[in-house]
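A look at the structure
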Amino acid sequence: MISGKARLAGVMGWPVSHSQSPRLHGFWLDRYAIDGAYVPLPVEPENFEAALRALPKLGFAGVNVTVPHKEAALGLVDEVDPVARQIGAVNTIVVKEDGALAGFNTDAFGFMENLLQTCKTPPVLDRPAVVLGAGGAARAVLASLIDFGVPEIHIVNRTIERAEALSQSFDGPLRVQDWKNLDQALEGAGLLVNTTSLGMTGKPPLEISLGTLPTDAVVYDIVYSPLKTSLLEAAEVRGNMTIDGLGMLLHQARSGFEKWFGTLPEVDDELRQHVLKGLNG
Ligand code: ATR
């Protein structure tokens, strides 16, 4: 139940009906008995700037921003957090007391929090990591791994030029590798992350050989539909610890919730099952 003093947040996207964020934040509002609401805000690209500017006037504490607005948001907010600038996209906005809009990106936080909650063995992060892909998702993963202090990060991408451009835009121990040298990059690695869209429902599977990857390495697929991709299946068969992408989605949301509602919420199995039910329609 909400009162007339309820704090307001939501998610702006177009379309937004597929978003699990209202379900996710609604669960936390209920769990922590917070007087607040989190609503879907379908906003067409041509109305995005006006909708953002209306947030302070409507009394919103802030919003999440999703496809297709995340890059546009970076240029429209009044202040950009350095991590969001490095990733090149804003997914979380806070309305400040004076009405200014502050933009953040919580994907790097979500990626690492999920990794640490699931594997609890950061020693794998003392070894080189291998990141497959060079798109927007790879940027968040790289920001997170560099910030954590992973000693060496190999970026492997079908289009090597994209991996090179990505590598140059970060200050960290990055090495670009050709896809055909993946076997070598995997030797001695502590972590393999898939950030490509391969393996996602409706996309071709990611077909790589894990033969040279140590069996104590962690394999992390940021794809969450399906939950168990063929990469994770192959990793599980050879005994590698695996992490699916749903946890990253849940953990990245914690940061916005804390900024708007004042409580850093927990991710547990009950929440996972609740959001999975929404994902499965
Ligand atoms: P996102 O922002 O979600 O990361 P993106 O920017 O479109 O999405 O990036 C998709 C990633 O998946 C890229 O690394 C892309 O490789 P290219 O840079 O070579 O395009 C990768 N990817 C998509 N389809 C692929 C395929 N069939 N084989 C190999 N890599 C693929």
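Everything numeric in this text was worked out from a predicted model, so none of it was measured. (Residues numbered from 1 in each chain as written. Predicted model: local features only at pLDDT ≥ 70, side-chain atom pairs only at ≥ 80, totals over all residues. Heavy atoms only, no water.)

1. Details of the pattern of salt bridges
- Enumeration according to the criterion identifies nine salt bridges in this entry.
- Linking Arg 127 and Asp 216 is a salt bridge whose minimum nitrogen-to-oxygen distance equals 2.9 Å. Residue Arg 127 is located in the loop between α5 (107-119) and β7 (129-132), and its partner Asp 216 is located in the loop between β10 (191-194) and β11 (218-221); the two are separated by 89 residues in the primary sequence.
- Of the charged contacts, one joins Arg 272 and Asp 244 as a salt bridge, the two residues approaching to 2.8 Å between their closest N and O atoms. Separated by 28 residues along the polypeptide, Arg 272 in helix α11 (residues 269-279) and Asp 244 in the loop between β12 (241-243) and α10 (246-261) bring together distant segments of the chain.
- Beyond isolated ion pairs, a larger network of salt bridges with shared partners links Arg 31, Asp 268 and Glu 270. (Salt bridge = Lys/Arg side-chain N within 4 Å of Asp/Glu carboxyl O. Helix = DSSP H or I, 4+ residues; strand = E, 2+ residues; numbered from the N terminus.)

2. Some points on the packing of α5 against α10
- Remark: α5 packs on α10, axes separated minimally by 7 Å, with the N-to-C direction vectors making an angle of 120°. Relative to α10, the element α5 is oriented oblique. Handedness of the crossing formed by α5 with α10: right-handed. Facing Asp 107, Phe 109, Gly 110, Phe 111, Glu 113, Asn 114 and Gln 117 of α5, the residues of α10 in contact are Gly 247, Met 248, His 251, Gln 252, Arg 254 and Ser 255.
- Across the contact of α5 with α10, the residue classes break down as three nonpolar, seven polar and three charged. (Axes fitted to C-alpha atoms, helices over the stretch in contact; angles between N-to-C directions. Parallel < 35°, antiparallel > 145°, perpendicular 65-115°, else oblique. Left-handed = near helix turned anticlockwise from the far one by under 90°. Contact = heavy atoms within 4.5 Å. Nonpolar A, V, L, I, M, F, W, Y, C, P; charged D, E, K, R; others polar.)

3. Details of the domain arrangement of the chain
- According to the domain assignment, the chain consists of domain 1 (7-105 + 252-279) and domain 2 (108-244).
- The C-alpha centroid of domain 2 is placed 27 Å from the C-alpha centroid of domain 1.
- Contact between domain 1 and domain 2 buries roughly 990 Å² in total, counting both sides, with carbon and sulfur atoms accounting for 56%.
- Three residues, Gln 86, Ile 87 and Arg 272, lead the burial of domain 1 against domain 2; their summed loss comes to 46% of the area buried on that side. (Domains from an automatic or database assignment. Buried area = accessible area lost by both parts, 1.4 Å probe.)

4. Remarks on the side chain of His 25
- For His 25, the location among the structural elements is in helix α1 (residues 21-31).
- Classification of His 25 by relative accessible area gives buried; the value is 0%.
- Setting aside chain neighbours within four positions, we find His 25 in contact with Tyr 38, Asn 64, Ala 253, Phe 257 and Trp 260. (Buried < 20%, exposed > 50% of the residue type's maximum accessible area, 1.4 Å probe, protein only.)

5. So, the sheet that holds strand β9 (residues 174-178)
- Strand order in the open sheet formed by six strands is β9-β8-β7-β10-β11-β12, with parallel pairing between adjacent strands. A single partner strand is all that each edge strand has here, and the edge strands are β9 and β12. Neighbour-to-neighbour, the strand axes of the sheet open up by a mean angle of 20°, direction not taken into account. (Pairing = 2+ DSSP bridges.)

6. Examining unusual backbone geometry
- Residues Val 67 and Pro 68 are joined by a peptide bond in cis, for which omega reads 5°.
- In this fold, Pro 68 is placed in the loop between β3 (60-65) and α3 (70-76).
- Residue Pro 226 follows Ser 225 across a cis peptide bond; omega there is 5°.
- As for its placement among the helices and strands, Pro 226 is situated in the loop between β11 and α9 (230-237).
- Even without being a glycine, Ala 33 presents a positive backbone phi close to 50°.

7. A word on the site of the ligand
- Around the ligand sit Gly 133, Ala 134, Gly 135, Gly 136, Ala 137, Asn 157, Arg 158, Thr 159, Arg 162, Thr 196, Ser 197 and Leu 198, and that is every residue in its neighbourhood.
- Note that an oxygen atom of the ligand is positioned 3.1 Å from one of the backbone N or O atoms of Gly 136.
- Within the backbone of Ala 137, a nitrogen or oxygen atom sits 3.1 Å from an oxygen atom of the ligand.
- Protein coverage of the free-state accessible area of the ligand, which is 640 Å², stands at 66%.
- Of the residues assigned to the shell around the ligand, the class counts are three nonpolar, seven polar and two charged. (Near = heavy atom within 4 Å. Polar contact = N/O pair within 3.5 Å; in protein donor to acceptor, adjacent residues only side chain to side chain. Areas by Shrake-Rupley, 256 points an atom, 1.4 Å probe, with all protein chains shown as cover.)

8. Observations regarding the pairing of strand β5 (residues 92-95)
- The two faces of β5 match: Thr 92 and Val 94 on one face and Ile 93 and Val 95 on the other face are all buried.
- Sheet topology places β3 next to β5; three bridges connect them, and they run antiparallel. Bridge assignment links Val 63 to a residue of β5, and that residue is Ile 93.
- In this sheet, strand β6 (residues 101-104) lies alongside β5 in antiparallel orientation, the contact comprising four bridges. Its bridge partner being in β6, Val 95 is matched across the sheet by Leu 101.
- In textbook terms, the turn of a hairpin is the stretch between consecutive antiparallel strands, and for β5 and β6 this stretch comprises five residues, one of which, Gly 99, has a positive phi near 90°.

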